[in-house]
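Read off the chains here:
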Amino acid sequence: MKNEILKERELINDLFDAYGELLTDKQKKIFEEYYLYDLSLSEIAEEQEITRSAVNDSLKKTLAKFEEYEAKVGVLKMKKQIKSLVSLLDKAKTIEEKEEALEALKEYTDGI
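Residues numbered from 1 in each chain as written. Predicted model: local features only at pLDDT ≥ 70, side-chain atom pairs only at ≥ 80, totals over all residues. Heavy atoms only, no water.

Draft legend 1. Representation of helix H4 (residues 52-72) in the model. Taking 1.5 Å of rise per residue, the 21 residues of H4 would be expected to cover 30 Å, and the 30 Å separating its terminal C-alpha atoms lies within 8% of that figure. Turning to H4, its buried residues are Val-55, Ser-58, Leu-59, Thr-62, Leu-63, Phe-66, Tyr-69 and Glu-70. For H4, the angular spread of the buried residues around the axis is 130°, confining them to a single face. Facing away from the buried side of H4, by more than 90 degrees, are the exposed residues Lys-60, Lys-61, Glu-67, Ala-71 and Lys-72. Of the surrounding elements, those touching the buried residues of H4 are helix H1 (2-19), helix H2 (25-36), helix H3 (41-48) and helix H5 (75-91). (Helix = DSSP H or I, 4+ residues; strand = E, 2+ residues; numbered from the N terminus. Expected span 1.5 Å × (residues − 1). Buried < 20%, exposed > 50% of the residue type's maximum accessible area, 1.4 Å probe, protein only. Arc of directions from axis to C-beta. Contact = heavy atoms within 4.5 Å.)

Draft legend 2. Local environment of the environment of Lys-7. Inspection of the secondary structure puts Lys-7 in helix H1. According to the relative accessible area criterion, Lys-7 is exposed, its value standing at 55%. As for Lys-7 and Glu-96, which are separated by 89 residues in sequence, their C-alpha atoms are 36 Å apart.

Draft legend 3. Structural view of the packing of aromatic side chains. The full count for this structure, using the stated rule, is six aromatic pairs. Between Phe-31 and Phe-66, the aromatic rings sit 5.6 Å apart at their centres with planes inclined by 75°, giving edge-to-face as the arrangement. Of this pair, Phe-31 sits in helix H2 while Phe-66 sits in helix H4, and the two are 35 residues apart along the sequence. A relative accessible area of 0% places Phe-31 in the buried class. Judged by its relative accessible area of 0%, Phe-66 is buried. Consider the rings of Tyr-34 and Tyr-35, whose centres lie 4.9 Å apart with planes at 85°: the pair is edge-to-face. (Phe/Tyr/Trp six-rings, centres within 6.5 Å; stacked < 30°, edge-to-face > 60°.)

Draft legend 4. Layout of the pattern of salt bridges. Applying the stated criterion to the full structure yields five salt bridges. When salt bridges with common partners are traced through the structure, they connect Lys-29, Glu-33 and Glu-47 into a single cluster. (Salt bridge = Lys/Arg side-chain N within 4 Å of Asp/Glu carboxyl O.)

Draft legend 5. Up close: a negative patch on the surface. Side chains of Glu-96, Glu-97, Glu-99 and Glu-100 sit close together on the surface and give a patch of like negative charge. Considering the arrangement of structural elements, one finds Glu-100 in helix H6 (residues 95-110). A relative accessible area of 58% means that Glu-100 is categorised as exposed. (Patch = residues over 30% accessible without salt bridge, like charges linked within 9 Å, V, L, I, M, F, W, Y side chains within 5 Å. Areas by Shrake-Rupley, 256 points an atom, 1.4 Å probe, with all protein chains shown as cover. Lys, Arg positive; Asp, Glu negative; His and termini not counted. Charge placed at Lys NZ, Arg CZ, Asp CG, Glu CD.)

Draft legend 6. Broad picture of the nonpolar core. Judged by nonpolar contacts, the single largest core of 17 residues is most densely connected at Phe-31, Tyr-35, Val-55, Leu-59, Leu-63 and Phe-66. A total of five residues in this core trace back to one element, the largest contributor, which is H4. For Leu-59, the residues in contact, after removing those within four places along its chain, are Ile-30, Phe-31, Tyr-34, Tyr-35 and Leu-41. (Core = buried A, V, L, I, M, F, W, Y, C linked by side-chain atoms within 4.5 Å.)

Below you can see the structure in the form of structure tokens.
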């Protein structure tokens, strides 16, 4: 359970790294205060002079936007695939394995 929460939190932070610049300044500030600085909804609401419900709605909308962006653009998916191919290249022991891994990486990046 704890591991799942950490993985979800890591995914959310990765999504923010990939798509955070697409948020408004207010959305970004609310997101950062909640997910990066671990402030409560009430603390953020007080600081932003909005309701706790508005903070919660903003966070939900932000996560929905991130999911929509990832579904359309796929930055995290591409990053994961490239890391996998680089790892395959790194683990290759023979020249032939390295050439195959490098070719797979080239084919993937040519398709982007």
